[in-house]
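What follows is each chain in one-letter form.
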Amino acid sequence: MTSTVLMQVVEGLSRGTLKVVDLTAPLGPATPVIGLPPMFAPSPGLTMEAISRYDAKGPAWYWNTIRLGEHTGTHFDAPIHWITGKDLPDNACDTIPVRRLVGPACVIDVTADVASNPDFLLTPARIDEWEAAHGRIAAGAWLLLRTGWSKRTDAKAFVNAAADGPHSPGFDPRASRMLAHDRDVVGVGVETIGTDAGQAGTFDPPFPNHTIMHGAGKFGLASLCNLDQLPPTGSIVIAAPLKIVGGSGSPLRVIAIAPA
Ligand code: MN
């Protein structure tokens, strides 16, 4: 095979028949982090301080020190993030083969369901319904759950915490098993703060999507945005975490190449 297909991609981007879509939210001190019950250690949000800014500490240059939890903002979950994936081969940010970081996207739109029920869970029946319209989810595809949640730009509305914990959409455990084992997706991506539903700490098992996906060596992408700019099929997602040695995850820039 020649490089014709890659040249066609470049031409498509130049001519505007293809577009690059940024699926990444801005990352800063205001970026919300996941809330856990108080007996668990919290993850710090991002703090940033200037090392120098064209001043006595560095007259011609500007740079910052940043500190943040690996799972802050738009970020990648590696299999080692969860106890079920801790002994798998190539399970950390630095050892995942790069081939696995590029794949086709299957986008399931449940925005209307979530608008009326923030605790909406994707079920196998909804996946069947999507496949009847768009074809079977291919092995190695990213399953992206379009919920509209990224439109909640207010941090409080995004986290949506109540007295009984956060309320946000996610996956029915049966759907996670179907996607990981029967469809062999590379991972799932969501618009919410994590790949499990807000109430998933109360599920059996707790946080089933993390438990099932990472136990099967699959990845997660959280806090995605602009999924409404992707077709149900036909786009490619590139999601490459920082090569943190032994890293459980990392903030990243997620981009898609899609028909314009
Ligand atoms: Mn995470």
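In what follows, the structure referred to is the one given above.
Please read all numbers here as calculations on a predicted model, not as lab measurements.

Points about the coordination of the manganese ion
Looking at the metal site, the manganese ion is ligated by His71 (ND1), His75 (NE2) and Asp77 (OD), spaced 2.1 to 2.3 Å from it. Of note, the donors binding the manganese ion are all from one chain and are spaced H-x3-H-x1-D. One exposure class covers both histidine 71 and histidine 75, and it is buried.

A closer look at the packing of aromatic side chains
In this description, a pair of aromatic rings is defined by centroid distance and the angle of the planes. Evaluation of the coordinates by the stated rule reveals 4 aromatic pairs. Centroid distance phenylalanine 76 to phenylalanine 219: 5.0 Å. Interplanar angle 45°. Geometry classified as tilted. Taken together, the residues phenylalanine 76 in strand S4 (residues 75–77) and phenylalanine 219 in strand S12 (residues 219–222) connect sequence positions 143 residues apart. Accessibility classification places phenylalanine 76 together with phenylalanine 219 in one group, the buried group. Feature note: the residues Phe76, Trp142 and Phe219 constitute an aromatic cluster, connected by ring pairs.

Topic: a nonpolar patch on the surface
A surface patch of nonpolar side chains, amounting to about 360 Å² of accessible area, comprises Val5, Leu6, Met7 and Val10. The residue valine 10 is located in helix H1 (residues 4–15) in this model.

Notes on the sheet that holds strand S15 (residues 254–259)
If you trace the 9 strands from one edge of the open sheet to the other, you get S1-S15-S13-S5-S7-S11-S12-S4-S14, paired in mixed fashion. The open sheet has two edge strands, strand S1 (18–22) and strand S14 (249–251), and neither has a second partner. On average, each strand axis in the sheet is inclined to that of its neighbour by 25°, with strand direction left out of account. Pairing analysis gives 3 bridges linking S4 to S14, with the strands arranged antiparallel.

Topic: helix H6 (residues 208–215)
The element H6 is extensively covered by neighbouring structure, given that 7 of its 8 residues are classed as buried. Regarding H6, the residues found buried are Pro208, Asn209, His210, Thr211, Ile212, Met213 and His214. Taken together, the buried residues of H6 touch S4, strand S10 (170–171), helix H5 (173–182), strand S11 (187–190) and S12. Directly beyond the C-terminal end of H6, a positive phi value near 80° is found at glycine 217.

A closer look at the pattern of salt bridges
Two side chains bearing opposite charge may form a pair once their charged atoms approach each other closely. Across all of its chains, the model carries 10 salt bridges by this definition. A salt bridge links aspartate 109 to arginine 146, with the nearest nitrogen and oxygen atoms 3.5 Å apart. Taken as a pair, aspartate 109 in strand S5 (residues 102–109) and arginine 146 in strand S7 (residues 142–146) lie far apart in primary sequence, 37 residues in all. In this structure aspartate 109 comes out as partly exposed when scored by relative accessible area, which is 37%. Relative accessible area serves as the criterion here: at 23%, arginine 146 is assigned to the partly exposed category. With its nearest N and O atoms 2.8 Å apart, the salt bridge here joins aspartate 113 to arginine 126. Taken together, the positions of aspartate 113 in helix H2 (residues 111–116) and arginine 126 in helix H3 (residues 124–134) put the pair 13 residues apart, joining distant regions of the chain.

The rules behind these values
- Residues numbered from 1 in each chain as written.
- Predicted model: local features only at pLDDT ≥ 70, side-chain atom pairs only at ≥ 80, totals over all residues.
- Heavy atoms only, no water.
- Donors = N, O, S within 2.8 Å, 3.2 Å for Na, K, Ca; no water.
- Buried < 20%, exposed > 50% of the residue type's maximum accessible area, 1.4 Å probe, protein only.
- Phe/Tyr/Trp six-rings, centres within 6.5 Å; stacked < 30°, edge-to-face > 60°.
- Helix = DSSP H or I, 4+ residues; strand = E, 2+ residues; numbered from the N terminus.
- Patch = residues over 30% accessible without salt bridge, like charges linked within 9 Å, V, L, I, M, F, W, Y side chains within 5 Å.
- Areas by Shrake-Rupley, 256 points an atom, 1.4 Å probe, with all protein chains shown as cover.
- Salt bridge = Lys/Arg side-chain N within 4 Å of Asp/Glu carboxyl O.
- Pairing = 2+ DSSP bridges.
- Axes fitted to C-alpha atoms, helices over the stretch in contact; angles between N-to-C directions.
- Contact = heavy atoms within 4.5 Å.

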